[in-house]
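If you want the building blocks of each chain, they are given just below.
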Amino acid sequence: MKTSNKTISPWFWVPTLYFAEGVPYFVVNNISVMMFTKMGVPNGDMAFFTTLLYFPWFLKGLWGPLVDVVKTKRWWILSMQVLMTALMILLTVTLPKPDVATIASGQTPISMFTITLILFIIAAFASATHDIAADGTYMSVLSKEEQAKWIGWQGAFYNIAKIAATGGLVYLAGVFIKHFGVTTAWMVIMLIIAVIMCALGLYHIFILPATSNAT
């Protein structure tokens, strides 16, 4: 279902679009590091691998033109939200379960998290692609005057996503760790993120403005 750009107010999609842009970025680049730390992976072992997670945002200009000419920006946004939902579900069910003693020793081998890291890297590319399409939609649907008007709200909801991810979800992880243990706590957090991305994707199916691959 596509919505008419003339009838839909930016109030209905700019806040949610940039919240959806922020959540996976902070999950991949911040929450993942906290999760690995809490699961006992030595900082030195995970430094190289977590650094790799930043690269898609530095390199996204390389495939940005592809997003402009293949399908529509709306299609890319919805597809990436579906993909990120699926990746969070996969992270939930594939997260390794090191024993309590290994976690407490702080020597959990990074090799246990090979699948986890691959899924996070794919999520990073999906999130960076989502950024390209989201910013393209913002610029193509809104006039220059409207873009200037909404730039503050754009940044505000991106920062709300940061607070929700690195504040709210991390707080919940701490609560869950006390009650369920480290591994189960982070599995629940990944599932919550999947639910958030799924809800945003479903909402955007009905509310996100239509775009063409020429704009």
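To start, this report covers the structure provided alongside it. Counting starts from 1 at the beginning of each chain's written sequence and moves along it residue by residue. In keeping with the predicted nature of the model, local features appear solely for residues at pLDDT of at least 70, side-chain atom pairs appear and are counted solely at 80 or more, and the whole-chain, interface and lining totals rest on all residues. Note: side-chain values were computed over all heavy atoms of the structure, leaving out hydrogens and water.

Time to look at a nonpolar patch on the surface. A contiguous nonpolar patch, built from Y54, F55, F58, L59 and L62 and spanning about 550 Å² of accessible area, is present on the exposed surface. Structurally, L59 is set in helix α3 (residues 55-59). L59 sits in the partly exposed class, given a relative accessible area of 37%. A patch is a set of surface residues, each over 30% in relative accessible area and not in a salt bridge, joined within 9 Å for like charges and within 5 Å for the nonpolar side chains Val, Leu, Ile, Met, Phe, Trp and Tyr. Values of accessible area rely on a 1.4 Å probe in the Shrake-Rupley scheme; residue burial ignores everything except the protein chains shown. By definition, a salt bridge exists where a carboxyl oxygen of Asp or Glu is found within 4 Å of a side-chain nitrogen of Lys or Arg. A helix here means a DSSP run of H or I that spans at least four residues, while a strand means a run of E at least two residues long, and both kinds are numbered starting from the N terminus. Exposure classes here rest on a 1.4 Å probe applied to the protein chains alone. A residue is buried below 20% of its type maximum, exposed above 50%, and partly exposed in between.

Right, let's talk about the pattern of salt bridges for a bit. Tallied over the entire structure, the rule returns 2 salt bridges. With its nearest N and O atoms 3.8 Å apart, the salt bridge here joins K60 to D131. With K60 in the loop between α3 and α4 (64-69) and D131 in helix α7 (residues 114-141), this pair connects stretches of sequence that are 71 residues apart. Looking at D131, the relative accessible area reads 3%, which means it is buried. Between K73 and D68 there is a salt bridge whose closest N-O contact spans 3.8 Å.

Working note: non-glycine residues mostly have negative phi, and peptide bonds are mostly trans. Even without being a glycine, K71 presents a positive backbone phi close to 60°. When you line up the elements, K71 lands in the loop between α4 and α5 (73-94). Relative accessible area serves as the criterion here: at 47%, K71 is assigned to the partly exposed category.

Okay, the packing of aromatic side chains next. Here a pair means two rings of Phe, Tyr or Trp (six-membered ring of Trp) with centres within 6.5 Å. Their orientation is stacked below 30 degrees between planes, edge-to-face above 60, and tilted elsewhere. Using the criterion set out here, one finds 12 aromatic pairs in the structure. Note on W153 and F157: the rings are 6.3 Å apart at their centroids and 40° apart in plane angle, and the pair reads as tilted. Linking W153 with F157, this pair stays in helix α8 (residues 144-180), spanning 4 residues, or about one helical turn. The class for W153 is partly exposed, based on a relative accessible area of 39%. Classification of F157 by relative accessible area gives partly exposed; the value is 22%.

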